[in-house]
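# Overview (structure and organization)
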Amino acid sequence: MPSLIVEPLNTHHFIMDRDDKKRNKNIGKNFMCRLQCMFSHSSSSERLSLEDTQQWSQSLERLLESKYGLATFRNFLKSEYSDENIEFWLTCEDYKKIKSSFRMSSRAKKIYEQFIKAESPKEINIDYHTREQIKRNVKTPTMHCFDDAQKIVYGLMERDSYPRFLRSDIYRTLLENLAADATKG
């Protein structure tokens, strides 16, 4: 009697695996289309390529330097409800470009309220000492007042989110689809 129960489960499991693979393939194709539509103004030489996508696995820095890589990584993190680190890191990169001291002061307070302050909407995972140092820095902000927190967040992404991304269905399916497209010509 137990063998009757096991056999239908195995068959069902095989069908689910096949369906999952088909669904993942479609997810990858749909995601590729969305990415290319997001950047449709790009010339054909800037289109998403297998070689560029493979290079994302070399380092987090390489991934973030690519507009497609960054967009893919952000979508992956949003799908995991853990996009506060990349959002903070990008916000800090933009913050460093501010020239006006008035704008810098205003923006520093917003960044503190959104990412640094305990219980903030997108609170990042940093130690108490760093949080307190930033609290003091924001009173007289400089271009570098978030550098320590940004380094911590980058390290967290490099050790945690980035390896998960490289193992994710989104990334693997994207690679598979680009490889299949490359062999088609």
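Residues numbered from 1 in each chain as written. Predicted model: local features only at pLDDT ≥ 70, side-chain atom pairs only at ≥ 80, totals over all residues. Heavy atoms only, no water.

## Section: the overall build of the protein chain
When its secondary structure is counted, the protein chain shows nine helices and zero strands. When the helices and strands of the protein chain are read in sequence order from the N terminus, they spell out α-α-α-α-α-α-α-α-α. When the 185 residues of the protein chain are sorted by exposure, 36% land in the buried category. Once local pairs closer than 6 in sequence are excluded, the contacts in the protein chain between residues at least 24 apart make up 63%. Summed over all atoms, the accessible surface of the protein chain reaches about 11,700 Å², with 53% contributed by carbon and sulfur. (Helix = DSSP H or I, 4+ residues; strand = E, 2+ residues; numbered from the N terminus. Buried < 20%, exposed > 50% of the residue type's maximum accessible area, 1.4 Å probe, protein only. Contact = heavy atoms within 4.5 Å. Areas by Shrake-Rupley, 256 points an atom, 1.4 Å probe, with all protein chains shown as cover.)

## A closer look at the pattern of salt bridges
For the structure on display, the rule yields nine salt bridges. Glu-87 is the partner of Arg-74 in a salt bridge, and the nearest nitrogen-oxygen pair spans 2.9 Å. With a gap of 13 residues between them, Arg-74 in helix α4 (residues 67-79) and Glu-87 in helix α5 (residues 84-95) connect regions that are remote in the sequence. You can call Arg-74 partly exposed: its relative accessible area is 26%. Measuring nitrogen to oxygen at the nearest pair gives 2.5 Å for the salt bridge that ties Arg-164 to Glu-80. In this pair, Arg-164 is assigned in helix α8 (residues 147-167) and Glu-80 in the loop between α4 and α5, connecting sequence segments 84 residues apart. (Salt bridge = Lys/Arg side-chain N within 4 Å of Asp/Glu carboxyl O.)

## Some thoughts on the side chain of Arg-131
Here Arg-131 is to be found in helix α7 (residues 128-137). Within the structure, the side chain of Arg-131 is placed 3.4 Å from the side chain of Glu-123, a separation counted as a polar contact. What Arg-131 contacts, discounting residues up to four positions off in sequence, is Phe-115, Ile-116, Lys-117, Ala-118, Glu-123, Ile-124 and Ile-126. (Polar contact = N/O pair within 3.5 Å; in protein donor to acceptor, adjacent residues only side chain to side chain.)

## Side note on the nonpolar core
Core analysis: the biggest nonpolar cluster contains 37 residues, and Phe-73, Ile-86, Phe-88, Ile-116 and Phe-146 have the highest contact counts within it. Secondary-structure elements contributing two or more residues to this core are α3 (60-65), α4, α5, α6 (101-116), α8 and α9 (169-184). Apart from residues lying up to four places away in sequence, Phe-88 is in contact with Ile-111, Phe-115, Ile-116, Ile-124, Phe-146, Ala-149, Gln-150 and Val-153. (Core = buried A, V, L, I, M, F, W, Y, C linked by side-chain atoms within 4.5 Å.)

## Regarding the side chain of Thr-173
Considering the arrangement of structural elements, one finds Thr-173 in helix α9. For Thr-173, a relative accessible area of 7% translates into the label buried. Of the polar contacts made by the side chain of Thr-173, one reaches the backbone oxygen of Asp-169; its length is 2.7 Å.

## Some words on the environment of Asp-169
Locating Asp-169 in the fold gives a position in helix α9. Along the primary structure Asp-169 and Phe-76 are separated by 93 residues, whereas in three dimensions their C-alpha atoms are 9.5 Å apart.

## With respect to the packing of aromatic side chains
Taken as a whole and assessed by the stated rule, the structure comprises eight aromatic pairs. On the basis of an interplanar angle of 85° and a centroid distance of 5.2 Å, the ring pair of Tyr-95 and Phe-146 is categorised as edge-to-face. Here the residue Tyr-95 occupies a position in helix α5, and Phe-146 occupies one in the loop between α7 and α8, the gap between them amounting to 51 residues. A relative accessible area of 2% places Phe-146 in the buried class. What links up through ring pairs into an aromatic cluster is the set Trp-56, Phe-73, Phe-76, Phe-165 and Tyr-171. (Phe/Tyr/Trp six-rings, centres within 6.5 Å; stacked < 30°, edge-to-face > 60°.)

## Describing the environment of Ser-168
Position of Ser-168 among the secondary structure elements: in the loop between α8 and α9. Among the residues examined, Ser-168 registers a relative accessible area of 8% and is labelled buried. A sequence separation of 92 residues divides Ser-168 from Phe-76, and the C-alpha atoms of the two residues are 8.2 Å apart. From its side chain, Ser-168 meets the backbone oxygen of Phe-165 in a polar contact 2.6 Å long.

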